[in-house]
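Structural description and commentary
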Amino acid sequence: MLAQDALEPIGTLRRKPGNVDLFAFSAAIGMAHRIHYDSDYTRNVEDRQDILVQGPLQAAYMCQLLQEWAAGQGMSVVIERLKYRHRAPVHVGTELVMGGELTSFDGESLRAECTVWTKVPGDETPRTEGTATLSLRPREER
Amino acid sequence: MTADRRLLTDEAMAWVGYEYEDRDFVVAEHDIRRFVYSTREDEGAAAAPDTRTAPPMFYVVLRTLPYQTVPLSDLGADGVSNDELPPMPVTQGMAGEIEIEFGRPMRAGETVTVRRKILDLAEKSGRSGPFVLITFLTECSSQSGELLVRERFGRVLR
């Protein structure tokens, strides 16, 4: 039985995806969507400020946040469910801070619910926000 | 007759429930490695990532790559394949809300079957005018039938 206040707060993870990050991610998922690599097209045809950070890349950062959080307490985490939406686009080269907050925790089953988000420093409104259902377990168990 | 729709014809609406052909994806370690490095997971303080076991969001490779690997002449002006989509007078797309349920992690060397269907099509009004919300259901299963990922993915098109 683990009490919720025995858990550290979720904390933050920082990433600053640049052109190479965006290209490498689009290559990894096999996507040629120009809004992630072609700034001329993205500015002139789609009327945006610059190329955009992919949504699933932000989601991957949010998952890493939760994994880092668990590892920092000698635990591992299984993300059972993740739900998220984008509220505003993130342009290439933007510093992102990923964070979250525990909203519930069951000390017997070690299952937890939390919020997760990506924010830009200085701006309280998340660019991407969501919720996750987690299952924590001691580090040795996989 | 129908509601006031400018982007979705009756022909487009008939695509609700459309099921794509099942696709088998052989997960290669280099697919996992590319994903892990492109998301900088190797830079975390947690233990060095195991590139034989895929991180949760890796399924996006299976949800994207098979459908976007088409002749370049079949890509739209925005670089996205419009193959097997309802006919709609739209040119730009962005991600809407996504909900994912995860089973066990995918493993290098295993074959995963990807099943996708169009769950819903709706026309909505936004600040920049009308747009279409298309919702896809994608399920990835192992060869023994374990459900590895279920995703409901909304895409905004205008």
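For the structure, check the block above.
Residues numbered from 1 in each chain as written. Chains lettered and ligands numbered in written order. Predicted model: local features only at pLDDT ≥ 70, side-chain atom pairs only at ≥ 80, totals over all residues. Heavy atoms only, no water.

1. Description of the overall build of chain B
Secondary structure summary: chain B contains three helices and five strands in total. Beginning at the N terminus, the succession of helices and strands in chain B can be written as α-β-α-α-β-β-β-β. Projected onto its principal axes, the C-alpha coordinates of chain B cover approximately 60 × 35 × 30 Å. Of all 158 residues assigned to chain B, the portion counted as buried reaches 46%. Long-range contacts, defined here as pairs at least 24 residues apart, represent 66% of the contacts in chain B between residues at least 6 apart. Carbon together with sulfur atoms contributes 48% to the accessible area of chain B, which is approximately 7,900 Å² in total. (Helix = DSSP H or I, 4+ residues; strand = E, 2+ residues; numbered from the N terminus. Buried < 20%, exposed > 50% of the residue type's maximum accessible area, 1.4 Å probe, protein only. Contact = heavy atoms within 4.5 Å. Areas by Shrake-Rupley, 256 points an atom, 1.4 Å probe, with all protein chains shown as cover.)

2. Quick word on the pattern of salt bridges
In the structure shown here, the tally under the stated rule is 23 salt bridges over all chains. One salt bridge connects Glu99 of chain B with Lys83 of chain A, and the closest N-O pair in it is separated by 4.0 Å. You can see Glu99 of chain B sitting in strand E2 (residues 93-102) and its partner Lys83 of chain A sitting in strand E2 (residues 75-86), one on each of two chains. Taking relative accessible area as the criterion, Glu99 of chain B reaches 25% and is therefore assigned partly exposed. For Asp123 of chain A, the salt bridge identified is with Arg127 of chain A, shortest N-O distance 3.8 Å. Relative accessible area serves as the criterion here: at 17%, Arg127 of chain A is assigned to the buried category. Counted as one network, the salt bridges with shared partners bring together Arg81, Lys83 and Glu113 of chain A together with Glu99 of chain B. (Salt bridge = Lys/Arg side-chain N within 4 Å of Asp/Glu carboxyl O.)

3. Observations concerning the interface of chain B and chain A
Across the boundary between the two partners, chain B contributes 35 residues, which contact 36 residues of chain A. The tally of links between chain B and chain A comes to three salt bridges. Taken together, chain B and chain A are joined by ten residue pairs in polar contact (both at pLDDT 80 or more). For the side of chain B that touches chain A, the elements supplying multiple residues, two or more each, are helix H2 (29-38), helix H3 (59-68) and E2 of chain B. Class assignment of the residues belonging to the side of chain B that touches chain A gives a composition of 17 nonpolar, ten polar and eight charged. Pairing geometry for E2 of chain A and E2 of chain B, over four bridges, is antiparallel. Among the inter-strand pairings, Leu82 of chain A is bridged to a residue of E2 of chain B, identified as Ile100 of chain B. (Polar contact = N/O pair within 3.5 Å; in protein donor to acceptor, adjacent residues only side chain to side chain. Nonpolar A, V, L, I, M, F, W, Y, C, P; charged D, E, K, R; others polar. Pairing = 2+ DSSP bridges.)

4. Quick notes on H2 of chain B
All buried positions along H2 of chain B are accounted for by Asp31, Ile32, Phe35, Val36 and Ser38 of chain B. Downstream of H2 of chain B by one or two residues, Arg40 of chain B has phi in the positive range, about 60°.

5. So, the sheet that holds strand E5 (residues 147-157) of chain B
The antiparallel open sheet is built from ten strands, whose spatial order is E1(A)-E3(A)-E4(A)-E5(A)-E2(A)-E2(B)-E5(B)-E4(B)-E3(B)-E1(B). The open sheet has two edge strands with one neighbour each: strand E1 (12-15) of chain A together with strand E1 (23-26) of chain B. Ignoring strand direction, the axes of neighbouring strands in this sheet form an average angle of 25°. Note that E2 of chain B and E5 of chain B share eight bridges and pair antiparallel. The partner of Glu99 of chain B across the bridge, within E5 of chain B, is Arg152 of chain B. Contacting E1, E2, strand E3 (96-106), strand E4 (111-119) and strand E5 (128-138) of chain A, helix H3 (residues 55-71) of chain A runs over the sheet at an angle of about 150° to E2 of chain A. Contacts between H3 of chain B and the sheet are confined to E1, E2, strand E3 (111-126), strand E4 (129-142) and E5 of chain B, with E1 of chain B contributing the most and set at about 120° to the helix. (Axes fitted to C-alpha atoms, helices over the stretch in contact; angles between N-to-C directions.)

6. Focus: the packing of aromatic side chains
Residues and elements named next belong to chain B. Counting across every chain of the model gives eight aromatic pairs over all chains. Centre to centre, the rings of Tyr18 and Tyr20 are 4.9 Å apart; their planes meet at 85°, and the pair counts as edge-to-face. Residue classification places Tyr18 among the partly exposed positions, given a relative accessible area of 27%. Summarising the aromatic geometry, the rings of Phe136 and Phe153 are spaced 6.2 Å apart at their centres and angled 25° between planes, so their arrangement reads as stacked. A residue pair is termed long-range when its members are at least 10 positions apart, and Phe136 in strand E4 and Phe153 in strand E5 qualify at 17 residues. One exposure class covers both Phe136 and Phe153, and it is buried. Aromatic ring contacts, followed pair by pair, group Trp15, Tyr18, Tyr20, Tyr67, Phe136 and Phe153 into a single cluster. For the cation-ring pair, Arg63 lies above Phe153, with the distance from its terminal atom to the ring centre recorded as 3.9 Å. Here the guanidinium or amino end of Arg116 rests over the ring plane of Tyr67, the centre of that ring lying 4.1 Å away. (Phe/Tyr/Trp six-rings, centres within 6.5 Å; stacked < 30°, edge-to-face > 60°. Lys NZ or Arg CZ within 6 Å of the ring centre and 35° of its normal.)

7. A word on H3 of chain B
Burial analysis of H3 of chain B places nine of its ten residues in the buried class, the great majority of the element. For H3 of chain B, the set of buried residues is Tyr59, Val60, Val61, Leu62, Arg63, Thr64, Pro66, Tyr67 and Gln68 of chain B.

8. Observations regarding the nonpolar core
One finds Leu82 of chain A together with Met57 and Met106 of chain B to be the most contacted residues of the largest nonpolar core, which totals 76 residues. For this core, the element with the highest residue contribution is H3 of chain A, accounting for ten residues. The contacts of Met57 of chain B, once residues within four sequence positions are left out, are Pro56, Ala59, Ala60, Cys63, Leu82 and Tyr84 of chain A together with Phe35, Ile100 and Phe102 of chain B. (Core = buried A, V, L, I, M, F, W, Y, C linked by side-chain atoms within 4.5 Å.)

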